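# Geometric and topological summary
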Amino acid sequence: MSNEKSALDAMLAQYEKNNAPKYEKKSEKVYDLKNYFNTFIKEGVKSATKEIRILPSSDGSPFVEVHGHKVQVDGEWKTFACLKHEKGEPCPFCEAREELLATGKESDKELAKKYAARKMYVVKVVDREHEEDGVKFWRFNHDYRKEGIFDKIHGVLTALKTNKDITNPQTGRDLSLSIQRNQNNVPVVSAIVALDSTPLSEDSEKAEAWLNDGRTWEDVYSVRTYDYLEIIVKGGIPVWDKDEKKFVDKESLKSNSADTLEEELTLGVENVKANIQAATTTSAPTASVETEDEEDDLPF
Ligand SMILES: [Zn+2]
């Protein structure tokens, strides 16, 4: 009898382990806004300048390529890391795209674009205005028209005659970003210039701490599970069900008591809004592919 029981326990434990969410460390994730650099400007502000220093990477380019899917969830644009590109695993967005392309219909082909993974970059920076926050992560989109942030930085680098390695801790350069609102009132980086060559910091302890920050983008942007993303692809809103210990569609749980659910998405968005008052509400819901490309949105 006891053998039978322990075998069952072992099986249950194995089941639990194999079905546990692989990436979500816990159900409620509160974003620490200090970790993110962005080019939002407050409502009513027309333009701004921000100065940053890009930190060197220990392995190759400081611009880490990440593929993500952009989608509106509960009225807000969100970006989710693509499981296929980033993990080599099945991705609900990519699957939806492939299914649409397979029908051969012109209208489906058009719709499939919505589910395509977008290339973006994540770079670690120090925000000169908020050095006390430490190292921040800046994510921006690749721009196939070659008018994006990476293209502008590339332009800066090719124009420099000396000290071209802008990430060098001793002889590198800060970058000054000019931010303007575009025709859709969305703040975009309109120009980037390199400033004079300066050390990363006069304070060697500070510089050391920034240079030794070992975090990667995955430490600050959550990689969601297949089940979570599938709810979004189907047009739902994932909420954490404490009893089931998994994400479920908010809609499917309407009759349940509201306090068993944690609307982490909404919480995350509200936190961000309260702090930086993102001026995206007027244009984001109707943003076309073009304007959406330029938009700086919220953490994954
Ligand atoms: Zn994908």
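So, how was this worked out
- Residues numbered from 1 in each chain as written.
- Predicted model: local features only at pLDDT ≥ 70, side-chain atom pairs only at ≥ 80, totals over all residues.
- Heavy atoms only, no water.
- Helix = DSSP H or I, 4+ residues; strand = E, 2+ residues; numbered from the N terminus.
- Buried < 20%, exposed > 50% of the residue type's maximum accessible area, 1.4 Å probe, protein only.
- Contact = heavy atoms within 4.5 Å.
- Areas by Shrake-Rupley, 256 points an atom, 1.4 Å probe, with all protein chains shown as cover.
- Donors = N, O, S within 2.8 Å, 3.2 Å for Na, K, Ca; no water.
- Tetrahedral: all angles 85-135°; square planar, octahedral: opposite > 155°, others 65-115°.
- Polar contact = N/O pair within 3.5 Å; in protein donor to acceptor, adjacent residues only side chain to side chain.
- Pairing = 2+ DSSP bridges.

Attention now goes to the overall build of the protein. Check the secondary structure of the protein and you find ten helices and eleven strands. The proportion of buried residues among the 300 residues of the protein is 43%. Partitioning the intrachain contacts of the protein with sequence separation of at least 6 by distance along the chain shows that 65% fall at a separation of at least 24. Carbon and sulfur atoms form 50% of the exposed surface of the protein, whose accessible area is close to 16,600 Å².

Our focus in this paragraph is the coordination of the zinc ion. Every protein donor of the zinc ion is accounted for by His69 (NE2), Cys82 (SG), Cys91 (SG) and Cys94 (SG), and the metal-donor separations fall at 2.1 to 2.3 Å. Geometry at the zinc ion is tetrahedral, judged from the four donor atoms that bind it and their angles of 101 to 118° at the metal. By relative accessible area, His69 is classed as buried at 1%. With relative accessibility at 2%, the residue Cys91 sits in the buried group.

So, about the environment of Arg173. Of note, Arg173 is situated in strand 7 (residues 173-181). Each C-alpha atom of the pair Arg173 and Leu200 lies 8.0 Å from the other, and the pair is 27 residues apart in sequence. With residues near it in sequence (within four places) discarded, Arg173 still touches Arg53, Leu160, Thr162, Asn163, Ile166, Ala194, Leu195, Asp196 and Ser197. A distance of 2.9 Å separates a polar atom in the side chain of Arg173 from the backbone oxygen of Thr162.

Both strand 7 and strand 8 (residues 187-197) contribute to a ladder of eight bridges, which runs antiparallel. The residue bridging Ser178 from the neighbouring strand is Ala191, located in strand 8. Between strand 7 and the antiparallel strand that follows it, strand 8, lie five residues; Asn185 among them carries a positive phi value of about 70°.

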